[in-house]
Amino acid sequence: MLPSAWEKKLVDRNVHPFSDKDLAWEDYVLISAMSIQRESVKTVLDRCRYLGVRVIAGGPLFTNDPEEFPDIDHLALNEAEMTLPPFLLDLRSGHAERRYTAAPRADITTTPMPLWELIETKHYASMNIQYSRGCPFDCEFCNITSLFGRIPRTIRPDQIISELEKILSLGWKGGVFFVDDNFIGNRTELKTEILPRIIAWMTMNNHPFFFLPEASINLADDAELIKMMVAAGFITVFVGIETTHEESLHECTNIPNRNRDLITSVRKIKSFGLEVQAGFIVGFDKDPATIFERMIEFIRESRIATAMVGLLKAPRGTKLYDCLITENRLMNAVSGDNTDFSINFIPKMNYESLMTGYKKIIDSIYSPRNYYARVLQFLKEYHPEQKKMFHMQWGYVKATVKSVVVLGLLNKERFHYWRLFFWSLFGRPRLFPLAITFSIYGFHFRRIFEQHFRTIENKGSTFSSS
Ligand code: SF4
């Protein structure tokens, strides 16, 4: 979307260290970020200010909280398709304003493909592409609908195929993540136009990718759609289970999750060969004191290996945020990290009970004993149909060797690691790479939560309500 005459360099701070050298040749630094990258953004801004480089910013973090960044030279907010063109026109004529906003949504069928040449694929575990924006549901705690609307907008099948071709031409083979907040927002189009094209393309190209999307739980109601996704090369789906307590689901108006047997839905999706990863939330007003035990039990029973449990947060732009302001319960901005021990409002449940209960869930579901047992149960019941689930890459070999050293030799969880290692290697060798991946995920989850918990302890208290 930027002028082709501009010389461009991409610094993705997820995988790239950042130094003043990166700024040495810049006329402008353009920053795009989400809430979780707030602190990272501040360090970049400090360096830009120090070196006198002008900054242009856009993306969800700045669209939601523009007042938090008074030093940024230009803000192209909302969707870049709408605000970058007028900004660039004004910039060229020397009259660029500080802030550009646009209420109308972009027509993403005309959005150009990203400049894939700017990244080095070897730094990534998966490539990211986007098929749609917006979600037909309207969960109280989610700001997707305020950012992108309730009518899903989608790109054309030709755009997806061109992008897949492009990624393949970079030499990439492996995971491609659909970043859409709800991949199945337009199920009819998926079934009639998108998936048939992807299936044909994948077959023609000997299945170079496997796909991972995020979708609402009502995917379980559409067997035809799941079968087509599996045929297209989808191996995993991340769903928001949110909570196992029906009254809390009603509280957050999460339409697809209400009035259904959530475990049966998870099992149904899995029965077609899709692994279900899931997000859970505690801290709803209606959560009973037993919610923590029930959550632990649900995760064990559903065999969801990758279960991400977070405390409820109220980001700006959500109905929850507005409601908490009215009730005078809002405290501060969200950290953007949905796994830290922070909450930005006064909960109905006693604060110490909520935090202690949350820690109990984390300690239980990620303890090596429980985690590896869940993974083993899941793999025993998992019979994927996909022809190719993994592509041999140097990065995977390195990760496996590292896991042997760190988890198999140095770590106290080694007994569980070796049990899974040998069970998968000799019992279900096709799932061996997945078993190693889960082992690494488990280590990652434990480490992240230990860091968060240490941060709380270092602040001098465990869970005091101050
Ligand atoms: S279904 Fe997911 S993306 Fe859609 S509004 Fe609810 S939480 Fe947000």
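Since the model is a prediction, treat every value here as computed from it, not as a measurement. All residue numbers here refer to positions counted from 1 along the written sequence of the relevant chain. The predicted origin of the model limits local features to residues at a pLDDT of at least 70 and limits the giving and counting of side-chain atom pairs to 80 or more, whereas totals for whole chains, interfaces and linings rest on all residues.

> Quick one: what's the story with the overall build of the chain, residue by residue and with numbers?
Strands here mean DSSP runs of E at least two residues long; helices mean DSSP runs of H or I at least four residues long; both are numbered from the N terminus. A tally of helices and strands in the chain yields 17 helices and 13 strands. Put simply, the radius of gyration uses C-alpha atoms, and a globule should come to 2.2 Å times the residue count raised to 0.38. At 23 Å, the chain has a C-alpha radius of gyration in line with the 23 Å of a compact globule built from 466 residues. Each principal axis of the C-alpha distribution contributes one length, and for the chain these read about 65 × 60 × 45 Å. Residue burial is a threshold on neighbouring C-beta atoms within 10 Å of the residue's own C-beta, all placed from the backbone, with 20 or more meaning buried, 12 or fewer meaning exposed, and counts in between meaning partly exposed. Here the chain, with 466 residues, has 35% of them falling under the buried criterion. Taking the intrachain contacts of the chain between residues at least 6 apart in sequence as the baseline, contacts between residues at least 24 apart amount to 72%. Placing a C-beta atom from the backbone of each residue, one calls two residues in contact when those atoms lie within 7 Å.

> Describe the site of the ligand, and please don't skip the residues or the numbers.
Residues in close proximity to the ligand total 12 residues, the closest being Cys135, Phe137, Cys139, Cys142 and Asp181. Under the convention adopted here, Pro, Cys and the residues Ala, Val, Leu, Ile, Met, Phe, Trp and Tyr are nonpolar, Asp, Glu, Lys and Arg are charged, and Gly plus all remaining residues are polar. Considered class by class, the residues forming the shell around the ligand number five nonpolar, five polar and two charged. Contact assignment follows one rule, namely that a residue is near a molecule or strand if its backbone-placed C-beta atom lies within 6 Å of it.

> So, unusual backbone geometry: which residues are in play, and what are the values?
With a phi close to 70°, Glu242 is a non-glycine residue in the positive phi region. Mapped onto the fold, Glu242 is located in strand 11 (residues 236-242). According to the C-beta neighbour criterion, Glu242 is buried, with 24 such atoms within 10 Å. One non-glycine residue, Asn328, lies in positive phi territory at about 60°. Given 8 C-beta atoms within a 10 Å radius, Asn328 is considered exposed.

> Break down the domain arrangement of the chain for me, citing the residues and quoting the values.
For interface size, the figure often reported is the accessible area lost on association. Per the annotation, domain bounds derive from an automatic or database assignment of domains. Entries for the chain in the domain assignment read domain 1 (20-100), domain 2 (108-381) and domain 3 (401-458). Between the C-alpha centres of domain 1 and domain 3 the distance comes to 39 Å.

> Can you explain the sheet that holds strand 2 (residues 54-58)? Please cite residues and give values.
The pairing criterion for strands is at least two bridges between them, as found by DSSP. Pairing is parallel in the open sheet, where four strands are placed in the order 1-2-3-4. On the outer flanks of this sheet lie strand 1 (28-32) and strand 4 (99-100), each paired with one strand and no other. Alignment of strand 2 against strand 3 (residues 74-76), held across two bridges, turns out to be parallel. The residue bridging Ile56 from the neighbouring strand is His74, located in strand 3. Where helix 4 (residues 80-92) meets the sheet, it contacts strand 2, strand 3 and strand 4, and its direction lies at approximately 140° from that of strand 3. Interaxial angle, 0 to 180 degrees, is taken between N-to-C directions of lines fitted to C-alpha atoms, where a helix line uses only the stretch in contact.

> Can you lay out the pairing of strand 2 for me, pointing to particular residues and giving the numbers?
Taken across its five residues, strand 2 has four buried, putting it largely inside the fold. Pairing geometry for strand 1 and strand 2, over five bridges, is parallel. What sits directly across from Ile31, in strand 2, is Ala57. In terms of handedness, the path from strand 1 via helix 2 (residues 38-51) over to strand 2 forms a crossover that is right-handed. Crossover handedness is defined by viewing with both strands directed away from the observer: a clockwise path from the first strand over the helix to the second marks the crossover as right-handed.

> Lay out the pairing of strand 12 (residues 275-282) in plain terms, naming residues and giving numbers.
In terms of burial, strand 12 is a largely internal element, six of the eight residues being buried. One ladder, built from six bridges, connects strand 11 with strand 12; its direction is parallel. What sits directly across from Glu242, in strand 12, is Phe280. With five bridges joining them, strand 12 and strand 13 (residues 307-311) adopt parallel strand pairing. Paired with Val282 across the strands is Leu311, a residue of strand 13. Each parallel crossover has a hand, and the one from strand 12 via helix 11 (residues 291-302) to strand 13 is right-handed.

> Can you explain the nonpolar core? Please cite residues and give values.
Judged by nonpolar contacts, the single largest core of 94 residues is most densely connected at Leu219, Leu274, Met295, Ile365 and Ala435. Three or more residues apiece are contributed to this core by two domains, here domain 2 (108-381) and domain 3 (401-458). Once residues within four sequence positions are removed from consideration, Leu219 is found in contact with Ile184, Leu225, Ile226, Val237, Val239 and Ile269. Buried Ala, Val, Leu, Ile, Met, Phe, Trp, Tyr and Cys residues whose C-beta atoms connect them within 7 Å together make up a nonpolar core. With 15 residues, the next largest nonpolar core counts Val55, Ala57, Leu61 and Ile72 among its residues.

> Outline the sheet that holds strand 10 (residues 214-215), supporting the account with residue identities and numerical values.
Pairing is parallel in the open sheet, where four strands are placed in the order 10-11-12-13. A single partner strand is all that each edge strand has here, and the edge strands are strand 10 and strand 13. Together, strand 12 and strand 13 form the strand contacts of helix 13 (residues 351-365), whose direction differs from that of strand 13 by roughly 165°.

> Outline the packing of helix 16 (residues 414-427) against helix 17 (residues 432-458), listing residues and values.
Direction vectors running N to C along helix 16 and helix 17 enclose 165°, while the axes themselves pass 8 Å from each other. Between helix 16 and helix 17, the angle falls in the class roughly antiparallel. Relative to helix 17, the crossing made by helix 16 is right-handed. Where helix 16 approaches helix 17, its residues Tyr417, Leu420, Phe421, Ser424 and Leu425 are matched on the opposing element by Phe432, Ala435 and Ser439. Taken together, the residues of the contact of helix 16 with helix 17 sort by class into six nonpolar, two polar and no charged. Put simply, angles under 35 degrees are roughly parallel, angles over 145 are roughly antiparallel, angles from 65 to 115 are roughly perpendicular, and the rest are oblique. In this scheme the crossing of two helices becomes right-handed for a clockwise turn of the near helix relative to the far one and left-handed for an anticlockwise turn of less than a right angle.

> Describe the packing of helix 7 (residues 187-204) against helix 8 (residues 223-232), naming the residues involved and giving the relevant values.
Following both chains from N to C, one finds helix 7 and helix 8 inclined at 25°, their axes separated by 9 Å at the closest point. With respect to each other, helix 7 and helix 8 are oriented roughly parallel. Both helix 7 and helix 8 take part in a crossing whose hand is left-handed. Contacts from Arg187, Leu190, Lys191, Leu195, Ile198, Ile199 and Met202 in helix 7 reach Glu224, Leu225, Met228, Met229, Ala231 and Ala232 in helix 8.

> How would you summarise helix 10 (residues 262-271) if you had to cite specific residues and measurements?
Side chains of residues three or four places apart in an α-helix project in the same direction, reflecting 3.6 residues per turn. Three or more residues of helix 10 are buried, namely Leu262, Ser265, Val266, Ile269 and Lys270. Buried positions in helix 10, seen along its axis, are confined to an arc of 130° and lie on one side of it. At the C-terminal side of helix 10, Gly273 shows a positive phi close to 105°. It is the directions from the helix axis to the C-beta atoms whose arc is reported.

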